[in-house]
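# Commentary on secondary and tertiary structure
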Amino acid sequence: MLRATLKSLLSRKLRLLLSGLAVVLAVMFVSGAFVLSDTLGRTFDSLFTSAYDSTDIQIQGKPKVTGGDSEAAPGDIKASVVSRAAQVPGVAKATGAVVAVGARAVGHNGKAVGGAGGAPQYGVNWNSGDPMISLREGRAPRANNEIVINAGLAKLGNFKVGEQVGVLTLEAKKMFTLVGISEYSGGRDSVGGEQMIAFTEPVAQQLMLGATGVYNVIDVKVTNKQDLTKVRDALRTQLGAAYQVDTGKDLAKKQSDQIKKGLSFVTYFLLGFAAVALLVGVFLILNTFSIIVAQRTQELALLRAMGASRGQVIGSVMLEATVIGVVSWLIGLGLGVGVGWLGAYALGALTGDLKVAGLGVPAAAWIVSFVVGVGVTLLAALLPAMQASRVPPVAAMLQANTADRPLTKLTVVGAILFVAGGGVLAYGLSGKAGGNTLVLVLAGVLSTFISVALLTPLLGRPVVSLLGRLFSWSVPGQLGRRNSARNPRRTAITAGAMMISIALVTGISTIFSSATASINKVVDKQVQADLIIAGQQTSSIPPAIDPGALRQVRALSDVDSVAAQAYDAAMIGGKRQFVATFDDMAAATRILKIKTKEGSVDRLAGGQLAVDDGTATKLKWTIGQAVSVQLPRGEARDFRVAGIYVHSEGASGIIASWEDATKGFRAATATQAFVKLRPGTKVATAKGQIDQILKDSPEVNVLTRSEWIGNTTQFFDIVLIIVQVLLLVAMLIAVLGIINTLVLSVLERTSELGMLRAIGLRRGQMMRMIVVESVVISLFGALLGISVGAGLGAAVVHALKDKGISDLSLPWGLMIFYLIAGAVVGVVAAIIPAIRAARLNVLNAIAYE
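Residues numbered from 1 in each chain as written. Predicted model: local features only at pLDDT ≥ 70, side-chain atom pairs only at ≥ 80, totals over all residues. Heavy atoms only, no water.

## Topic: the overall build of the protein chain
Counting its regular elements, the protein chain contains 27 helices and 24 strands. Every one of the 849 residues in the protein chain was classed for burial, and the buried ones make up 51%. In the protein chain, of all internal contacts separated by at least 6 residues, the share reaching a separation of at least 24 is 81%. Of the roughly 37600 Å² of accessible surface on the protein chain, 61% is carried by carbon and sulfur atoms. (Helix = DSSP H or I, 4+ residues; strand = E, 2+ residues; numbered from the N terminus. Buried < 20%, exposed > 50% of the residue type's maximum accessible area, 1.4 Å probe, protein only. Contact = heavy atoms within 4.5 Å. Areas by Shrake-Rupley, 256 points an atom, 1.4 Å probe, with all protein chains shown as cover.)

Structure, rendered in structure tokens:
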């Protein structure tokens, strides 16, 4: 039995390995994700161990606003705290320092120099005693208008010692003389691609922390390194809970874990590719084995007649599946190791000076990829194996293949799953699932996909027959149409791969298209600005508009009014809340159509807040109520609720006075401004004038309404591109599925094809017949995918109605493109089977059994 199985396997090795390509891709992405994660983990462990190698103990002021990003505004440390730390037994020296994110150099092109790969941009005080840093060129800063930058930033911005460099911090752009370029120990330009600008101590304190005489870090040297833990605990006891005290080893682990968590999206991205490849691959493997079992009916029956048990027949099919799974796993694992390491290397090159760790394959990559590669292949082959075991011995004396089974059970199970999946999806999107929302949504989508796949055979014959009429104007077209509708199960499984891929991208496109339409509606209805001054936030510090530039914009004869906006996080009632502010509340209420419901909203004095009615109800706030608010800077204090306004999609949340915001927000500058022009003013003319004024605000641009909407929805475009790459992977597998199905179908119908040739069907007509069959199957999958995707997308949009996505908009252009792409895929997939069918020898084909 074993020899018979191996001979059978070798006779179909090419087709079986072709079906295993989907598993190869899935294993490649899974193992690549684990290799990449492991390599980056070891890389950043080494990086931060090196960075904190000279640090004994570090003390940091805890941020006053917590629960958000890791670059929250640092807590201030007074000079007296440095003295207290120095007096703790075991401390040899305590030095106050400023190390804060948010110092951005302005390049020669007038724009802020971006961080390599999103690396942080630090503003620090120059410390000549730091063993990690030394001067490569020039000297240390002495005057308050002098700076030193690290070599990485100098190369990125092409800065030279002696030139003037603009720097953005918590304050507007200021000019400094570059007097030195620094390097790290070992001659490195940077530790991991970060940018560093070093000021004199008082300037660093003012620009990075907002006040002189304070620090946010204390560097502690101990007398005996064996007592690090003891001294750390003593410092914690002495200083209290307002300060975070860590050893260098603790800091290295925290920073590494933080970076690895931030980069986990790359792992999820690759695992997403793997999930799609697996889901589509299951259809391919299932179909391949089903067709092969159908073709081997007589062979399997003969084995049964010779004494083979049902278990041996199942074992024979499963052995073939095991060989395919193991071979696919090994190939995929090898490719995945390469993909993972190349990904880590590319990331290292992107960040500049990041030294990537050596190649390593973690145990998880071996284990999970084996389960995925072999396990999924065996699972997909189990149903055909069971079908093979049911072949009766008497079939060995018959010429016919096994007849199609009724679709009743399949349809009932599919209907039940469809209802259950729809219910789970609806509950997950209802907002009542709490922390299980994502799990329920994914489960609902998966169940819906499976149910549609089970119901597809029921739809297959009528829909395929209808699609086939488009090509029935010739004999080859009529034959191709009938062939595609001949076996509903086979057609459904083949089209399933195409359906899943197109359904995913259509669903997401529907959601994003609806979100864009909703944003457009809000802007048209509520935002009365003709121009918007805005930029892209690339760090915890938002883009800044120079106050002088705003004054010049307001002074333009064509400008009616300007409402400049800033925002930041605050702690209110023990929870993190976002707080907005406008420098001209009266203008803001007109431009953004903010309607007062109670109290006064258009005039906010210091210590006053305005809030929308929905938030007021949720927080149980009333006019005149005192609310304790902790802004990022300063101490917590009480604010009074002065006004309540009507909630809308264009205006919602908590608004503080400009006076309080400039004192308490991290940055004392506006981040966005809405400009209303006088009637009759040409927008293009005013835009050109404002463009000239904004030359000292390098992080922002003036945008028209449509440009601003495009800026706002740019994220959707990026995600859609990623999803479309997923679509290409799935379509590749779908092409393989159609090729496999048609090749096996040609083999199965060899005698029939020979008879057609014998009665006059020419080779060209034979090829057109196969192409029509392929295109009809592919179009069926594409049409089904578009329908399912649009339906799922519409369901999600309906569930997100309360989240601001109020208008359903179908991406008709993309849907038509996907339909055309489906037809093209069908033509491409038909090339090899069509050529194979056309080359059949007529006499041999007629005699084929």
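## Quick look at unusual backbone geometry
One non-glycine residue with positive phi stands out, namely N158, at about 55°. Among the structural elements, N158 can be located in the loop between α5 (151-157) and β9 (164-168). Unlike most non-glycine residues, K593 shows phi in positive territory, near 55°. Position of K593 among the secondary structure elements: in the loop between α18 (585-591) and β18 (596-599).

## Side note on the pattern of salt bridges
Per the counting criterion, the structure on display carries 24 salt bridges. We note a salt bridge from K225 to D56, for which the minimum N-O separation is 2.4 Å. One end of the pair, K225, is in the loop between β13 (217-222) and α7 (228-239); the other, D56, is in the loop between α3 (21-51) and β1 (57-61), with 169 residues separating them in the sequence. Relative accessible area serves as the criterion here: at 53%, K225 is assigned to the exposed category. (Salt bridge = Lys/Arg side-chain N within 4 Å of Asp/Glu carboxyl O.)

## Some thoughts on a nonpolar patch on the surface
A cluster of nonpolar side chains, namely M767, I816, I820, V824, V828, I831, I832 and I835, defines an oily patch on the protein surface of about 680 Å² accessible area. Here the element with the most residues in the nonpolar patch is helix α26 (residues 812-838); it accounts for seven residues. Secondary-structure assignment places I832 in helix α26. (Patch = residues over 30% accessible without salt bridge, like charges linked within 9 Å, V, L, I, M, F, W, Y side chains within 5 Å.)

## Examining the sheet that holds β1
Pairing is antiparallel in the open sheet, where four strands are placed in the order β3-β13-β1-β14. The open sheet has two edge strands, β3 (91-97) and β14 (243-247), and neither has a second partner. Across the sheet, the mean angle from the axis of one strand to that of its neighbour is 20°, orientation sign disregarded. Taken together, the six bridges between β3 and β13 define a ladder with antiparallel strand orientation. Across the sheet, residue A97 finds its bridge partner in β13, namely V217. Those strands touched by α7 are β1, β3, β13 and β14, and its axis lies near 175° from that of β14. (Pairing = 2+ DSSP bridges. Axes fitted to C-alpha atoms, helices over the stretch in contact; angles between N-to-C directions.)

## Observations regarding the environment of G414
Relative to the assigned elements, G414 resides in helix α13 (residues 408-429). The class of G414 is buried, set by a relative accessible area of 0%. Considering only alpha carbons, one finds G414 and T456, 42 residues apart in sequence, at a separation of 9.0 Å. Filtering out sequence-adjacent residues up to four positions away, G414 remains in contact with S451, L454 and L455.

## Points about the packing of aromatic side chains
Per the stated rule, a full pass over the model turns up five aromatic pairs. With 5.4 Å between their ring centres and 65° between their planes, F176 and F199 make a pair best called edge-to-face. Of this pair, F176 sits in strand β10 (residues 174-184) while F199 sits in strand β11 (residues 195-199), and the two are 23 residues apart along the sequence. A relative accessible area of 4% places F176 in the buried class. Clustering of aromatic rings is evident, with ring pairs tying together W329, W366 and F370. (Phe/Tyr/Trp six-rings, centres within 6.5 Å; stacked < 30°, edge-to-face > 60°.)

## With respect to the packing of helix α16 (residues 488-526) against α26
At their nearest, the axes of α16 and α26 sit 11 Å apart, and the two run at 165° to each other. With respect to α26, the axis of α16 lies roughly antiparallel. The handedness of the crossing between α16 and α26 is right-handed. Note on element contacts: α26 touches α16 through L814, M815, Y818 and V825, opposite M498, I502, V505, T506 and S509. In the contact of α16 with α26, the residues fall into seven nonpolar, two polar and no charged. (Parallel < 35°, antiparallel > 145°, perpendicular 65-115°, else oblique. Left-handed = near helix turned anticlockwise from the far one by under 90°. Nonpolar A, V, L, I, M, F, W, Y, C, P; charged D, E, K, R; others polar.)

## Side note on the side chain of S328
Mapped onto the elements, S328 comes out in helix α11 (residues 310-351). With relative accessibility at 2%, the residue S328 sits in the buried group. Setting aside chain neighbours within four positions, we find S328 in contact with G20, V23 and V24.

## As for the pairing of β14
Burial of β14 is extensive: four of the five residues sit out of reach of the surface. For β1 and β14, the ladder comprises five bridges, and the chain directions are antiparallel. When the sheet's bridge partners are listed, Q58 is paired in β14 with D246.

## Brief notes about the side chain of D56
In this structure D56 comes out as buried when scored by relative accessible area, which is 4%. With sequence-adjacent residues up to four places away left out, D56 is seen in contact with V220, K221, V222, K225, L228, D246, T247 and G248.

## Details of helix α6 (residues 201-209)
Those residues of α6 not exposed but buried are V203, A204, Q205, L207, M208 and L209. Within two residues after α6, G210 carries a phi angle of roughly 90°, on the positive side.

## Quick word on the pairing of strand β23 (residues 672-677)
Of all six residues in β23, five are buried, a share of seventy percent or more. Judged from the three bridges that link them, strand β15 (residues 531-534) and β23 form a sheet pairing that is antiparallel. Looking at the pairing, L531 lines up with V675 of β23. In this structure, strand β16 (residues 559-572) lies alongside β23, joined through six bridges in antiparallel fashion. Within the sheet, the bridge partner assigned to Q565 lies in β23 and is Q672.

## Some thoughts on the confidence of the model for the protein chain
Counting all residues, the mean pLDDT for the protein chain is 81, and 89% of those residues have values of 70 or more. For the protein chain, per-element mean pLDDT is lowest for helix α1 (residues 2-11), which scores 60, and highest for strand β8 (residues 146-150), which scores 95. In the model, residues 399-403 has pLDDT below 50 throughout and makes nine contacts with residues more than four positions away in sequence or in other chains. (pLDDT = per-residue confidence, 0-100.)

## Examining the environment of T39
Considering the arrangement of structural elements, one finds T39 in helix α3. On the basis of relative accessibility, which here comes to 0%, the residue T39 falls in the buried class. For the pair T39 and L359, spaced 320 residues apart in the sequence, the C-alpha separation amounts to 6.8 Å.

## A few points about the packing of helix α15 (residues 475-486) against helix α25 (residues 763-799)
α25 packs onto α15 with a crossing angle of 45° between their chain directions and a minimal axis gap of 8 Å. Judged by the inter-axis angle, α15 sits oblique to α25. The chirality of how α15 crosses α25 is right-handed. Along its contact with α15, which presents P476, G477, L479, G480, R481, N483 and S484, the element α25 presents Q765, R768, M769, V772, E773, V776 and I777.

## A few points about the environment of A426
Considering the arrangement of structural elements, one finds A426 in helix α13. The spatial distance from the C-alpha of A426 to the C-alpha of A799 is 7.7 Å, given a sequence separation of 373 residues.

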